[in-house]
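Below, each chain spelled out in residue letters.
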Amino acid sequence: MVDFKAIRGEFPILDQEIHGHPLVYLDSAATSQKPECVIDAEANFYRTINAGVHRGAHELAARSTVAFEEARAKVAKLVGANAEEGQEEIVVTGGATAGLNLLATAFGNASLGRGGEAAKRFALKPGDEIVVSRAEHHSVLLPFQELAYRTGATFKWIDLTEDGRVRTDNLDEVITERTKVVAVTHVGNTTGAITNVAPIIKRAHEVGAVFILDACQSVPHLKVDFHALDVDFAAWSAHKMYGPTGVGFLYGKRDMLEALPPANFGGSMVELAYMDHEAQYMAPPARFEAGTQPVAQVVAAGVAAEWMMNIGLENIEAHERSITNELLKLGDIEGIRILGPRENKDRIGTVAFDVAGVHPHDVGQYIDAQGIAIRVGHHCAQPVHRHFGLYASNRASSGVYNSVEDAQALVEAAKGIRKFFEVE
Ligand SMILES: Cc1ncc(COP(=O)(O)O)c(C=O)c1O
């Protein structure tokens with residue numbers, strides 16, 4: 001039995017009052033809080049081994065390089081990826097957004113003929129198709145929409161069911177022989193719905209398309225194995241999985257990474273550089289890690305990955321499911337509509353809701369006055385909100401440190417909103 005109360009005690013930030021109430025943090029989909037071990041790992045790196053990695057012949061540089069690569073291996077283990085030297089499948093990025101832009105830029109470079117024969121599988125031209133879903137965060141939607149504009153490819157999307165799930169009943173129509181790239185979220189950041197990705201990946205591969213998974217909202221909450229899923233690429237951020245800000249990871253199947261041309265250029269990614277002819281770039285992952293990396297943050301993200309694995313992803317999932325149960329009771333309140341699946345099945349504890357007649361910013365302030373932190377706005381997913389006939393909403397989202405009581409506190413507070421604003 002995991003003692004989740006003790007786990008909550010590992011988060012110093014949660015031990016405070018907001019507006020005279022104990023803090024209830026229900027905004028983990030935006031960013032998670034950090035346990036003491038992650039905070040310490042980052043500080044200790046600076047205290048004891050700070051040095052540039054993969055360069056310098058001194059002992060500190062050697063130690064920081066080992067710490068950096070060990071962190072990569074821990075992160076790889078969390079998502080079922082390879083980490084052996086020469087077979088690495090995890091690239092360090094500045095976050096999910098940076099990882100997704102890296103891919104879109106690299107595909108654009110391949111479309112210009114960069115990367116040679118091997119990179120042709122990523123090249124796009126007019127008539128080719130890029131497919132996303134309407135559930136996407138803007139960090140998937142926009143880089144791939146821009147890629148379509150740059151290459152002349154056609155931009156298409158898979159629509160949603162009434163309750164906000166990515167549809168899988170018309171995949172043959174949307175993903176066609178012309179489709180070259182399919183990018184879909186694993187879990188909707190507004191709806192909390194877990195996408196049934198298997199048929200989408202199967203269809204993408206059937207037509208020879210590259211499949212990219214946005215794993216931002218799945219890796220922190222579910223046991224994820226990229227090999228088992230058979231995704232070609234996946235991107236996510238460390239700060240949503242109890243790690244630091246400013247760092248994220250891009251998974252790529254080894255053969256995909258080897259074929260992909262670089263997107264960012266500079267130090268530490270080049271084998272040979274000349275004035276008068278083309279450079280020779282390093283093998284992955286270094287090819288994609290130009291410049292000085294956020295080493296302390298990567299080391300701390302490795303600690304976060306290990307910390308999650310020690311708790312057990314199945315345990316995290318089960319614990320958060322009990323919180324989701326309570327959060328879904330928001331939908332039982334008169335005048336409140338949940339944007340996403342109502343049943344606690346194939347979803348996580350991210351529950352967006354609309355309060356009839358009350359602007360989300362007013363809702364957020366009312367809830368905040370009671371010490372409860374939720375997100376309001378469009379959550380960087382405007383097309384999802386349009387699907388529900390809205391521009392913005394309120395969103396509660398759980399983390400491993402939340403309790404059923406936290407969710408109950410929100411539901412109790414929500415019962416008073418419409419009365420307070422005199423709309424009932
Ligand atoms: C589903 C999803 N994708 C991508 C992102 C972008 O992550 P980041 O802002 O850390 O780059 C987020 C963050 O909110 C997200 O929820």
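In short, a report on the structure. (Residues numbered from 1 in each chain as written. Predicted model: local features only at pLDDT ≥ 70, side-chain atom pairs only at ≥ 80, totals over all residues. Heavy atoms only, no water.)

Concerning the layout of surface pockets
Then comes step 1: Estimated volume of the largest pocket: approximately 510 Å³.
Then comes step 2: Surrounding the largest pocket, 23 residues form its lining, His54, Glu69, Arg72, Pro285 and Ala286 being those nearest its centre.
Then comes step 3: Top element by residues in the lining of the largest pocket is helix 3 (residues 59-78). It accounts for 3 residues. (1 Å grid on protein atoms, 1.4 Å probe; cavity = no way out; pocket = protein on both sides within 12 Å on 5 of 7 lines; lining within 4 Å. Points joined across faces, edges and corners; volume = space filled by probe spheres on them. Helix = DSSP H or I, 4+ residues; strand = E, 2+ residues; numbered from the N terminus.)

Re the side chain of Glu129
Then comes step 1: Structurally, the position occupied by Glu129 is in strand 5 (residues 129-133).
Then comes step 2: Taking relative accessible area as the criterion, Glu129 reaches 8% and is therefore assigned buried.
Then comes step 3: Sequence-distant contacts of Glu129, that is, excluding residues within four places in its chain, are made with Leu124, Thr154, Lys156, Val174, Thr176, Arg178, Thr179, Lys180 and Val181. (Buried < 20%, exposed > 50% of the residue type's maximum accessible area, 1.4 Å probe, protein only. Contact = heavy atoms within 4.5 Å.)

Details of the sheet that holds strand 4 (residues 90-93)
Then comes step 1: Taking strand neighbours across the sheet as the criterion, the 7 strands line up as 4-10-9-8-7-5-6 in an open arrangement whose pairing is mixed. Every other strand in the sheet has two partners, leaving strand 4 and strand 6 (154-158) as the edge strands with one partner each. Between one strand and the next, the sheet's axes are offset by a mean angle of 20 degrees, whatever the strand orientation.
Then comes step 2: Pairing between strand 5 and strand 6: 5 bridges, direction parallel. (Pairing = 2+ DSSP bridges. Axes fitted to C-alpha atoms, helices over the stretch in contact; angles between N-to-C directions.)

Regarding the site of the ligand
Then comes step 1: In the vicinity of the ligand, the contacting residues are Ala96, Thr97, His137, Ser139, Asn189, Asp214, Cys216, Gln217, Ser237, His239 and Lys240.
Then comes step 2: The contact in question runs from an oxygen atom of the ligand to an N or O atom on the side chain of His137, over 3.2 Å.
Then comes step 3: Contact distances for the ligand include 2.6 Å between an oxygen atom and a side-chain N or O atom of Lys240.
Then comes step 4: Within the complex, the protein chains bury 85% of what would otherwise be the 400 Å² of accessible surface of the ligand.
Then comes step 5: Of the residues contributing to the shell around the ligand, the split by class is 2 nonpolar, 7 polar and 2 charged. (Near = heavy atom within 4 Å. Polar contact = N/O pair within 3.5 Å; in protein donor to acceptor, adjacent residues only side chain to side chain. Areas by Shrake-Rupley, 256 points an atom, 1.4 Å probe, with all protein chains shown as cover. Nonpolar A, V, L, I, M, F, W, Y, C, P; charged D, E, K, R; others polar.)

Digging into the sheet that holds strand 13 (residues 336-338)
Then comes step 1: Strand order in the open sheet formed by 4 strands is 13-14-17-16, with antiparallel pairing between adjacent strands. Each edge of the sheet is formed by a strand with only one pairing partner; in this case those strands are strand 13 and strand 16 (375-377). On average, each strand axis in the sheet is tilted by 30 degrees relative to the strand beside it, whichever way the strands run.
Then comes step 2: Of the strand pairs in this sheet, strand 13 and strand 14 (residues 350-355) are connected by 3 bridges, and their pairing is antiparallel. Along strand 14, the bridge assignment pairs Ile338 with Phe353.

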